[in-house]
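Now for the letters of each chain:
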2 protein chains.
Amino acid sequence: MPRLTIPHIDIGDLHLSESELTLQQRLFNAIRDKITHGLWPLAGKLPSTRKLSDELKLSRNTVTAAYEQLVYEGYIESRKGSGFYVSIELPEHYLPDMRCHSKEINHAEQEDINRSFAPGVPDLAQFPLKKWQRYLQIHASRPSILGNGDVQGTLELRSVLVNYLASSRSVVCNTHRVIITSGAQQALTIATMAILNNNETLLLEYPGYTQMDKVTNLLNINKVHIDVEPLKGLNLEQLEKTQAKAIYVTPSNQYPMGTTINTEQRLRMINWASKNKSWIIEDDYDSEFQFAHRPYTSMQGLAGQLGLDQNIIYIGSFSKVMFNGLRMGYMVVPESLVERCNTIKDALSGDSPSHVQHALADFITGGELLRHIRKMRRLYKAKHQAMVDAIEQHFSQQVEVISQPGGLHVTLRWDDGIDEETLRQRAQQQDLIVRSLAYYQPDGRKTRVWNGLVLGFGNTPLSAINTNIMTLAQCFNQEQ
Amino acid sequence: MPRLTIPHIDIGDLHLSESELTLQQRLFNAIRDKITHGLWPLAGKLPSTRKLSDELKLSRNTVTAAYEQLVYEGYIESRKGSGFYVSIELPEHYLPDMRCHSKEINHAEQEDINRSFAPGVPDLAQFPLKKWQRYLQIHASRPSILGNGDVQGTLELRSVLVNYLASSRSVVCNTHRVIITSGAQQALTIATMAILNNNETLLLEYPGYTQMDKVTNLLNINKVHIDVEPLKGLNLEQLEKTQAKAIYVTPSNQYPMGTTINTEQRLRMINWASKNKSWIIEDDYDSEFQFAHRPYTSMQGLAGQLGLDQNIIYIGSFSKVMFNGLRMGYMVVPESLVERCNTIKDALSGDSPSHVQHALADFITGGELLRHIRKMRRLYKAKHQAMVDAIEQHFSQQVEVISQPGGLHVTLRWDDGIDEETLRQRAQQQDLIVRSLAYYQPDGRKTRVWNGLVLGFGNTPLSAINTNIMTLAQCFNQEQ
């Protein structure tokens with residue numbers, strides 16, 4: 001929470017207008033205008049007479065006299081030994097223009113987005129903040145890294161990522177092919193801009209990741225949907241009948257359907273792309289968390305083994321393995337695309353925050369990231385099991401879990417009973433944030449007869465899962 | 001500098017292929033492949049046998065036997081009491097695929113971009129890092145702000161900015177109209193995307209800010225140049241004969257020509273925009289540093305007083321008043337544009353880093369920012385004077401300073417003598433980074449017969465200015 005502090009007023013652009021009035025009168029007018037226009041805040045502390053006379057090159061007497069006149073007329077008040085403040089008891093006709101007052105946003109609403117079953121949020125309470133702070137602290141005291149940095153990201157972080165991605169995801173690359181981005185979101189935008197022109201076609205999973213849909217809308221990309229079927233995953237037959245410039249996929253844990261593409265299917269998709277000279281944008285957002293089997297090798301890595309990785313862009317994020325507010329992501333692109341992507345990033349936002357990049361590189365090199373991931377893999381596995389158990393217990397087979405044991409969410413499906421949107425609203429009244437599956441079908445195409453719900457369990461405490469699922473089941477079965 | 005640390009290898013996607021071989025042999029093959037493909041780094045530490053047997057659900061004996069075989073064949077080595085490491089003496093034919101090795105970037109080159117006369121860099125050594133760290137520390141320990149945040153920026157920071165911009169720049173707004181961005185660069189992109197379509201026309205100052213030119217190139221915006229004349233500034237007659245959807249201007253301190261637009265000229269531009277229903281993008285990047293007069297009221301503030309601010313976007317940055325590596329900027333937009341800009345930001349990069357925003361809000365509320373600005377205004381004023389004095393002393397009237405006393409750079413002009421590009425190259429050989437004026441004329445239009453050079457003095461120590469200018473003068477007068 002911001003502390004209650006008296007705002008100190010900067011002299012800013014205060015200046016005396018040209019006129020025949022005395023300097024004192026012109027100073028009085030200038031300050032009075034600042035106050036009546038609401039530019040100097042109520043209760044704000046004015047500059048001292050000494051400072052103001054220095055800055056405006058006026059005599060101290062002139063300033064003191066103008067201040068006294070302002071006090072006399074009720075615009076400012078003098079507090080003994082402390083200085084001058086904008087009066088908080090301005091007569092009504094002096095009150096600042098109301099345009100300066102804020103339409104304040106409901107704070108409670110904002111906090112909601114990370115609570116209960118909100119998808120895509122990791123367990124924030126578990127993150128080793130003290131350790132992270134220590135790494136941040138080391139680099140926050142280095143004046144040498146305060147300046148402009150490499151647009152592509154620091155060499156240190158890119159180098160550490162090359163090793164991390166090779167050992168954990170078999171991604172084949174070098175530092176020159178890694179680009180640090182402002183969250184995976186910026187990587188999605190850069191990838192799309194780099195390979196697709198206006199009105200060219202991108203294939204999207206359906207249902208799919210809404211934040212990718214927003215990118216295609218912004219850039220006027222023509223999109224065609226490939227169905228993701230419950231428990232089966234991306235419809236490859238449908239894909240193989242389609243031609244397009246590129247496809248966006250979440251192969252390790254399809255978002256939101258929670259299906260995975262195995263090695264054989266990955267190879268089919270790589271072959272399709274190779275045959276059609278299409279690009280693959282591989283979003284590997286939470287592949288670190290697989291509970292039932294070892295994760296499959298990334299499509300980038302697989303394609304690399306076959307020498308077919310010239311048309312694959314691999315995208316990852318630290319939002320799930322660390323925390324969302326870090327806003328750090330990365331992309332691995334083929335050599336041919338490096339320059340184009342750097343040019344785009346330079347225009348979009350320039351370089352990335354330096355201290356965070358340096359701290360992150362050390363955090364990974366020091367083994368902290370892997371330690372945290374291992375710990376969280378165990379915890380999320382337990383949470384996932386608790387979700388499945390609670391659903392079995394409280395829903396007595398009214399709903400089916402259709403997502404694989406992996407990632408940070410569980411996807412439910414049911415045919416008869418309450419409508420998904422009604423359930424979402426009822427849950428919200430009980431303080432449970434859930435997403436109906438329709439959220440991931442932004443065009444509202446009506447091909448689905450069943451209902452679906454996405455429940456994130458990342459940031460729900462293990463101990464709260466059973467109660468929350470019970471509440472959700474009560475909403476489900478509540479009489480109209 | 002990154003410390004020399006042994007990379008710990010994550011098990012990652014390691015898995016045993018289906019085959020008729022024994023488990024031990026399949027594990028041996030899987031690890032050998034990781035090493036020969038260069039996915040597990042030389043000298044990297046392997047997971048312990050206990051951990052690997054847990055994760056892969058193999059017996060400890062199987063893992064130990066596979067490790068022993070790997071040691072025997074020279075892929076890994078055992079260090080007593082410490083564990084197993086990828087061997088650094090692999091036979092040549094086992095060496096990792098060279099694609100994994102980095103095309104390393106010259107580090108010295110990277111550091112250069114903030115040195116000597118590099119423009120746009122503030123005095124990094126003067127920034128109160130200890131204080132900043134303290135604010136950062138307070139918020140870096142709050143798990144509650146680790147999640148997803150408001151795309152527009154935290155309410156706390158926006159609220160503090162409303163007051164800061166009102167008192168220092170007479171900007172009229174409320175929190176709902178402020179958007180926090182990833183540096184001013186992202187604000188430029190969002191502004192351009194929000195108001196201009198493909199092939200619509202944006203007027204740019206010429207010479208002008210190269211980073212804005214990159215935005216127009218990326219977005220295929222049609223650009224028309226309005227000349228900025230030495231000592232006079234933007235050619236308003238030329239502007240008034242032109243129609244366009246928008247104009248981008250740096251009215252307080254034109255970059256790079258260092259001219260300023262006075263209140264009368266600002267009003268003319270506001271009237272032109274109002275008459276033509278054109279947008280003004282006002283980039284107020286270093287208005288805090290004016291040494292000869294009080295800064296003029298921002299165009300946004302002036303237009304607001306006349307009720308004509310519906311078509312003005314005000315953009316600012318913390319790169320100059322704090323440091324570049326912070327990557328924080330902001331924009332103030334009319335009510336009508338808020339939703340559109342938030343939608344664009346959401347697609348481009350999502351929300352902004354939370355800790356930094358909270359720390360920044362407190363840093364400003366606590367008065368630290370204004371204190372730092374006041375201190376730096378005095379220092380930059382002294383540096384500017386030292387620049388002018390040294391130029392007079394060493395160039396004996398061969399060059400003219402054409403920029404106003406303000407900001408962080410000095411712009412030189414000369415008619416006869418060395419070509420600006422030759423001078424830039426010679427200076428670089430002497431370790432002086434300067435920019436020739438041609439850098440700011442990316443289309444290379446050949447209307448200028450004189451030579452120009454831009455010298456940033458922000459990050460040059462006061463004590464080094466005279467020597468550096470002397471060196472530059474020697475380059476200037478050096479025989480071919």
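Criteria and thresholds
Residues numbered from 1 in each chain as written. Chains lettered and ligands numbered in written order. Predicted model: local features only at pLDDT ≥ 70, side-chain atom pairs only at ≥ 80, totals over all residues. Heavy atoms only, no water. pLDDT = per-residue confidence, 0-100. Contact = heavy atoms within 4.5 Å. Axes fitted to C-alpha atoms, helices over the stretch in contact; angles between N-to-C directions. Helix = DSSP H or I, 4+ residues; strand = E, 2+ residues; numbered from the N terminus. Parallel < 35°, antiparallel > 145°, perpendicular 65-115°, else oblique. Left-handed = near helix turned anticlockwise from the far one by under 90°. Nonpolar A, V, L, I, M, F, W, Y, C, P; charged D, E, K, R; others polar. Buried area = accessible area lost by both parts, 1.4 Å probe. Salt bridge = Lys/Arg side-chain N within 4 Å of Asp/Glu carboxyl O. Polar contact = N/O pair within 3.5 Å; in protein donor to acceptor, adjacent residues only side chain to side chain. Pairing = 2+ DSSP bridges. Buried < 20%, exposed > 50% of the residue type's maximum accessible area, 1.4 Å probe, protein only. Disulfide = S-S within 2.5 Å.

Trainee: So what's going on with the confidence of the model for chain A? Which residues, and what values?
Mentor: Residues and elements named next belong to chain A. With 93% of its residues at a pLDDT of at least 70, chain A reaches an overall mean of 89. Under a pLDDT of 50 for its full length, residues 93-110 has, in the predicted model, 39 contacts with residues more than four places off or in other chains. Across the assembled chains, the prediction reports ipTM 0.86 with pTM 0.87.

Trainee: Describe the packing of helix H7 (residues 183-195) of chain B against helix H12 (residues 338-348) of chain B, naming the residues involved and giving the relevant values.
Mentor: Residue and element names in this part refer to chain B. Put simply, H7 and H12 touch, their axes get as near as 9 Å, and they point 125° apart. Accordingly, the angle class assigned to the pair H7 and H12 is oblique. Crossing hand, H7 versus H12: right-handed. Facing Gln 186, Thr 189, Ile 190, Met 193 and Ala 194 of H7, the residues of H12 in contact are Arg 340, Cys 341, Ile 344, Lys 345 and Leu 348. Across the contact of H7 with H12, the residue classes break down as six nonpolar, two polar and two charged.

Trainee: A description of the interface of chain B and chain A should follow, citing residues and the corresponding values.
Mentor: Taken together, the contact pairs 107 residues of chain B with 106 residues of chain A. Interface area for chain B against chain A, summed over the two sides, is near 9500 Å², with a carbon-plus-sulfur share of 51%. Of all residues in chain B, the largest losses of buried area upon contact with chain A belong to B:Asp10, B:Leu146 and B:Arg294, amounting jointly to 8% of the total for that side. On inspection of chain B and its partner chain A, the count reaches seven salt bridges. Residue B:Asp351 is joined to A:Arg327 by a salt bridge in which the shortest nitrogen-to-oxygen separation is 3.2 Å. Across the contact surface, chain B and chain A share 40 residue pairs in polar contact (both at pLDDT 80 or more). The element best represented in the side of chain B that touches chain A is helix H6 (residues 155-169) of chain B, accounting for nine residues. Here the residues of the side of chain B that touches chain A are counted per class, giving 41 nonpolar, 41 polar and 25 charged.

Trainee: Quick rundown of the sheet that holds strand S5 (residues 222-229) of chain B? Include the residues and the values.
Mentor: Within a beta sheet, neighbouring strands are joined by backbone hydrogen bonds and run either parallel or antiparallel to one another. All names here are of chain B. On the basis of which strands lie adjacent, the open sheet formed by eight strands has the order S3-S10-S9-S8-S7-S4-S5-S6 and mixed pairing. At either end of the open sheet lies a strand with only one pairing partner, and these are strand S3 (178-181) and strand S6 (233-234). As judged from the three bridges shared by strand S4 (residues 201-206) and strand S7 (residues 246-249), these two strands associate in the parallel manner. Across the sheet, Leu 202 pairs through a bridge with Ala 246, a residue of S7. Packed on one face of the sheet, H6 meets S3, strand S9 (312-317) and strand S10 (329-332) and runs near 105° to S3. Running over the sheet, H12 touches S3 and S10 and is turned about 15° from S3.

Trainee: With reference to specific residues and values, describe the pattern of salt bridges.
Mentor: As a working rule, side chains carrying opposite charge can pair if their charged atoms are close by. All names here are of chain A. Under the defined criterion, the tally for this structure stands at 42 salt bridges over all chains. Where Glu 77 meets Arg 79, a salt bridge forms, and the shortest distance between an N and an O atom there is 3.9 Å. In this structure Arg 79 comes out as partly exposed when scored by relative accessible area, which is 33%. Taken together, the shared-partner salt bridges in this structure form one network comprising Lys 131, Glu 368 and Arg 371.

Trainee: So, unusual backbone geometry: which residues are in play, and what are the values?
Mentor: When glycine is set aside, most residues are seen to have a negative phi, and most peptide bonds are trans. Residues and elements named next belong to chain A. Here Tyr 206 and Pro 207 are connected by a cis peptide whose omega angle stands at 0°. The topology assignment puts Pro 207 in the loop between strand S4 (201-206) and helix H8 (210-218). Look at the link from Tyr 255 to Pro 256: it is a cis peptide, with omega at 15°. Turning to its location among the elements, Pro 256 is positioned in the loop between strand S7 (246-249) and helix H10 (263-276). A positive phi angle, close to 35°, is found at Ser 396, a residue other than glycine.

Trainee: Pulling in residues and values, what's your account of the state of the cysteines?
Mentor: According to the stated counting rule, one finds zero disulfides over all chains in the structure shown. In this structure B:Cys341 is not part of a disulfide, and its nearest cysteine sulfur, from B:Cys173, lies 14 Å away.

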